[in-house]
Amino acid sequence: MSDLEDLYREIILDHYRSPRNSGTLEPPARKAEGFNPLCGDEIIVYLLVGDDGVIDDIKIGGQGCSISQSSASMMSSAVKGKTVEQARALMGSFKAMMSIETDGNALAEPTPGEIRSLGDLAALRGVVKFPTRIKCATLSWNTLEQALDDLGS
Ligand code: ZN
């Protein structure tokens, strides 16, 4: 067990025990729900985007395993205050980091710069070693994507 893996485990547990931005938002906030039947994880994303395209607020509901819940917490802190465009770029970096090659259409490997830009989210990289858990880690991002697509931007 390397020091880095210890650090990553600490970060994941910290987000799981003290989830950031948990709660709900009232309309006009958008609401999107995601479900991962493989593990039973459920994520609800409430998203408030201003006229200037900035994510003014985000709240997370739902329940599930430590990977899904900590990933949702990290995702919410990563995109809050960012523009929709920046959030989508981060989503691309995260999905690239979590991609595996078994399905034949893997995304490009993330660059070191992209990994750095992911901050705490980089802690989830080890999950790639457990293919069945990847959906746990990407669920909140897919749910965020639904909420963003609803905005029509
Ligand atoms: Zn899970």
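Scroll up for the structure.
All values derive from a computational prediction rather than experimental measurement.

### Description of the packing of helix H2 (residues 66-79) against helix H5 (residues 131-150)
Where H2 meets H5, the axes come as close as 8 Å, and the angle between the chain directions of the two elements is 35 degrees. In terms of crossing hand, the pair formed by H2 and H5 is right-handed. Of the residues in H5, those touching H2 at Ile67, Ser68, Ser71, Ala72, Met75 and Val79 are Arg133, Cys136, Ala137, Ser140, Trp141 and Leu144. Class assignment of the residues belonging to the contact of H2 with H5 gives a composition of eight nonpolar, three polar and one charged.

### So, H5
The end-to-end C-alpha distance of H5, which contains 20 residues, comes to 29 Å, matching closely the 28 Å that a straight helix rising 1.5 Å per residue would cover. Those residues of H5 not exposed but buried are Ile134, Cys136, Ala137, Thr138, Leu139, Ser140, Trp141, Thr143, Leu144, Ala147 and Leu148. Looking at the buried residues of H5, the elements they touch are strand E1 (30-36), strand E2 (41-49), strand E3 (55-63), H2 and helix H3 (84-97).

### Things to note about the pairing of E2
Summarising the sheet, E1 and E2 pair through seven bridges and their orientation is antiparallel. By the bridge assignment, asparagine 36 is partnered in E2 with aspartate 41. If you look at the hairpin formed by E1 and E2, you'll find four residues sitting between the two strands, and glycine 40 has a positive phi there, around 85 degrees.

### Here's the deal with the packing of aromatic side chains
All chains considered together, the criterion is met by one aromatic pair. Ring plane angle 25 degrees and centroid distance 5.3 Å describe the contact between phenylalanine 94 and tryptophan 141, whose orientation is recorded as stacked. Here tryptophan 141 lies in helix H5 and phenylalanine 94 lies in helix H3, a separation of 47 residues in the sequence. Considered together, phenylalanine 94 and tryptophan 141 belong to a single accessibility category, that of buried residues.

### Considering the sheet that holds E2
Read from one edge of the open sheet, three strands run E1-E2-E3, paired in antiparallel fashion. Each edge of the open sheet carries a strand with a single partner, namely E1 and E3. Strand-to-strand twist in this sheet, taken as the mean axis angle between neighbours without regard to direction, amounts to 20 degrees. Pairing analysis gives eight bridges linking E2 to E3, with the strands arranged antiparallel. Directly across from valine 45, in E3, lies its bridge partner isoleucine 60. Across the sheet, H2 lies against E2 and E3, angled at about 175 degrees from E3, the strand it touches most.

Cut-offs applied
Here, residues in each chain are numbered from 1, in the same order as that chain's written sequence. The predicted origin of the model limits local features to residues at a pLDDT of at least 70 and limits the giving and counting of side-chain atom pairs to 80 or more, whereas totals for whole chains, interfaces and linings rest on all residues. Only heavy atoms go into the side-chain values, all of them from the structure, while hydrogens and water stay out. The angle between two axes is taken between their N-to-C directions and runs from 0 to 180 degrees, where each axis is a line fitted to C-alpha atoms and a helix contributes only its stretch in contact. Secondary structure elements follow DSSP: runs of H or I of four or more residues count as helices, runs of E of two or more count as strands, with numbering from the N terminus. It is the rotation of the near helix from the far one that decides the hand of a crossing: anticlockwise by less than a right angle makes it left-handed, clockwise makes it right-handed. Between two residues, a contact is recorded if the distance between any of their heavy atoms is within 4.5 Å. Note on residue classes: Ala, Val, Leu, Ile, Met, Phe, Trp, Tyr, Cys and Pro are nonpolar, Asp, Glu, Lys and Arg are charged, and everything else, Gly too, is polar. What a helix is expected to span follows from its residue count: subtract one and scale by 1.5 Å. We call a residue buried when its accessible area falls under 20% of the maximum for its residue type, exposed when it is over 50%, and partly exposed in between, using a 1.4 Å probe and counting protein chains only. One requirement defines pairing of two strands: DSSP has to find at least two bridges between them. Ring pairs are drawn from Phe, Tyr and Trp, using the six-membered ring of Trp, whenever the two centres fall within 6.5 Å, and their geometry is named by plane angle: stacked under 30 degrees, edge-to-face over 60, tilted for the rest.

Bear in mind that shape data such as this cannot, by itself, settle questions of function.
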